[in-house]
Amino acid sequence: MKFFIDTANLAQIQEANELGILDGVTTNPSLMAKEGIKGEAAVMNHYKTICEIVDGAISAEVVSTEFNEMVEEGKKLAAIHPNIVVKVPMIKDGVKALKWFTENGIRTNCTLVFSAGQAILAAKAGATFVSPFIGRIDDSSWDGVELISQIANIYGIQGFKTEILAASIRSPLHIVKCAEAGADVCTCPLDSILGLLKHPLTDIGLAKFVEDAKKFA
Ligand code: E4P
């Protein structure tokens, strides 16, 4: 399973990248706004900087909701760097745009996916990645991880090549469950990635080893 970090914060991207296990970055308009990035030039420049830090798939989201505008916007985003993946919302014009990008050799990430039906449409349109938002599903008392299993099952049966990118991750346990459920990628906040490190027996065991090592130093 690939690991993406889900943030537009450069310090966090750098920290995750230094771990050596990072395969990409996802952003969205809310994450970009959180970093105080304003104006087209600043947005483009921020994506370029992210591409320079991480050698992997970097999702940059269109903000238009109309087909022609999405295509124009996506073309500009894709021109920033070969690693840019154009993120497109799961709406009618979004499906048309996904198909257009597929036919024109531009990789895509279909976002705001909350059902297996939407995931089938994304795959039919040739999306490179499909992003089911598992945390937001859990927030509404449905089972986000269950949706990952369902999509993995359908894609396996149908032979769809679209990669399942589990998004809206809220915890290290989500990451483990998504790996079990067949996600190809997890995009996670830095805290959830670092949370995977934690086990009290590791800390206790290491303290003892460090102590004992002094005996023969
Ligand atoms: C990533 O591609 C999504 O935009 C992101 O994971 C959404 O996460 P949230 O539900 O925490 O906003």
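Our structure is the block above this text.
Nothing here was measured: the structure is a model prediction, and the numbers come from that model. (Residues numbered from 1 in each chain as written. Predicted model: local features only at pLDDT ≥ 70, side-chain atom pairs only at ≥ 80, totals over all residues. Heavy atoms only, no water.)

(A) Layout of helix 3 (residues 40-53). Along its 14 residues, helix 3 runs 20 Å from first to last C-alpha, staying within 8% of the 20 Å computed at 1.5 Å per residue. Residues of helix 3 that are buried include every one of M44, H46, Y47, I50, C51 and I53, and no others. Of the surrounding secondary structure, the elements contacted by the buried residues of helix 3 are helix 1 (10-18), strand 2 (24-26), helix 2 (29-34), strand 3 (57-61), helix 4 (67-80) and strand 4 (84-89). (Helix = DSSP H or I, 4+ residues; strand = E, 2+ residues; numbered from the N terminus. Expected span 1.5 Å × (residues − 1). Buried < 20%, exposed > 50% of the residue type's maximum accessible area, 1.4 Å probe, protein only. Contact = heavy atoms within 4.5 Å.)

(B) Highlighting unusual backbone geometry. Its identity as a non-glycine residue notwithstanding, S141 has a phi of 65°, on the positive side. One can find S141 in the loop between helix 7 (134-139) and helix 8 (144-158). Residue S141 is classed as exposed on the basis of its relative accessible area, which comes to 69%. Even without glycine at this site, S168 takes up a positive phi of about 60°. Relative to the helices and strands, S168 resides in the loop between strand 7 (163-166) and helix 9 (172-181).

(C) Fine view of the site of the ligand. What surrounds the ligand is the set D6, T26, N28, K87, F133, R136, A167, S168 and R170. A distance of 2.7 Å separates an oxygen atom of the ligand from a polar side-chain atom of R136. At a separation of 2.8 Å, an oxygen atom of the ligand approaches a polar side-chain atom of R170. Notes on the ligand: free accessible area 340 Å², of which the protein chains cover 84%. Class assignment for the residues of the shell around the ligand results in two nonpolar, three polar and four charged. (Near = heavy atom within 4 Å. Polar contact = N/O pair within 3.5 Å; in protein donor to acceptor, adjacent residues only side chain to side chain. Areas by Shrake-Rupley, 256 points an atom, 1.4 Å probe, with all protein chains shown as cover. Nonpolar A, V, L, I, M, F, W, Y, C, P; charged D, E, K, R; others polar.)

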